[in-house]
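Spelled out, the chains give:
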Amino acid sequence: MSGKKQTFEDRIRRLEEIVAALEKGDVQLADSLALFQEGAKLITACSAQLDQAEQQVVKLMKGPDGAPVEQPFAEGGED
């Protein structure tokens, strides 16, 4: 993407495109390696962005005394 910063969603979309191309199996070996490398970089960037978002959430959670309290993320389906 020329000059524009990729969003998390952009990276995920591109990863999906890469996976589809590799699963299709008609990509030349050199191109497969290049796609694999691009995918690995995208995964690293997505992981870093998720870690950063998690840290922001942790900082925003405050305990009764106003001090930040780290709480686990709730698993879906708990009542």
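Anything mentioned here points back to the structure above.
Per chain, the residues get numbers from 1 upward, laid out in the order the sequence is written. Reporting in this predicted model follows two pLDDT cut-offs: at least 70 for local features of residues, and 80 or more for side-chain atom pairs to be given and counted; totals over whole chains, interfaces and linings ignore these cut-offs and use all residues. Hydrogens and water are ignored here; the side-chain numbers use all heavy atoms of the structure.

## Considerations on the overall build of the protein chain
Helix and strand assignments follow DSSP, with helices taken as H or I runs no shorter than four residues and strands as E runs no shorter than two, numbered in order from the N terminus. Looking only at helices and strands, the protein chain has two helices and zero strands in total. Any residue under 20% of the maximum accessible area for its type is buried, any over 50% is exposed, and the rest in between are partly exposed; the area is computed with a 1.4 Å probe on protein chains only. Burial analysis of the protein chain (79 residues in total) assigns 14% to the buried set. Within the protein chain, contacts between residues at least 6 apart in sequence are counted, and of these 41% link residues at least 24 apart. Of the roughly 6,700 Å² of accessible surface on the protein chain, 55% is carried by carbon and sulfur atoms. Here, two residues are considered to be in contact whenever any of their heavy atoms come within 4.5 Å of each other. Using a 1.4 Å probe, the Shrake-Rupley method yields the accessible areas, and only the shown protein chains count as cover for residues.

## Quick notes on the nonpolar core
Listed in full, the five residues of the largest apolar core are Leu 15, Ile 18, Leu 35, Leu 42 and Cys 46. Tallying contributions element by element places helix H2 (residues 29-60) first for this core, with three residues. Leaving out residues up to four positions away in the same chain, Ile 18 has contacts with Leu 35, Glu 38, Gly 39 and Leu 42. We define the nonpolar core as a collection of buried residues of types Ala, Val, Leu, Ile, Met, Phe, Trp, Tyr and Cys that are connected through side-chain atoms lying within 4.5 Å of one another.

## Examining H2
A helix is expected to span 1.5 Å for every residue after the first. In this model, H2 (32 residues) spans 47 Å end to end at C-alpha, consistent with the 46 Å of a helix rising 1.5 Å per residue. Regarding H2, the residues found buried are Ser 32, Leu 35, Gly 39, Leu 42, Cys 46 and Val 58. Packing partners of the buried residues in H2 comprise helix H1 (8-24).

## Re the pattern of salt bridges
What counts as a salt bridge is simple: a side-chain nitrogen of Lys or Arg found within 4 Å of a carboxyl oxygen of Asp or Glu. In the structure shown here, the tally under the stated rule is four salt bridges. With a shortest N-O distance of 2.9 Å, Arg 13 and Asp 10 are connected by a salt bridge. One end of the pair is Arg 13 and the other is Asp 10, both in helix H1 and three residues apart, which spans about a single turn. A salt bridge links Arg 14 to Glu 17, with the shortest nitrogen-to-oxygen separation between them at 3.1 Å.

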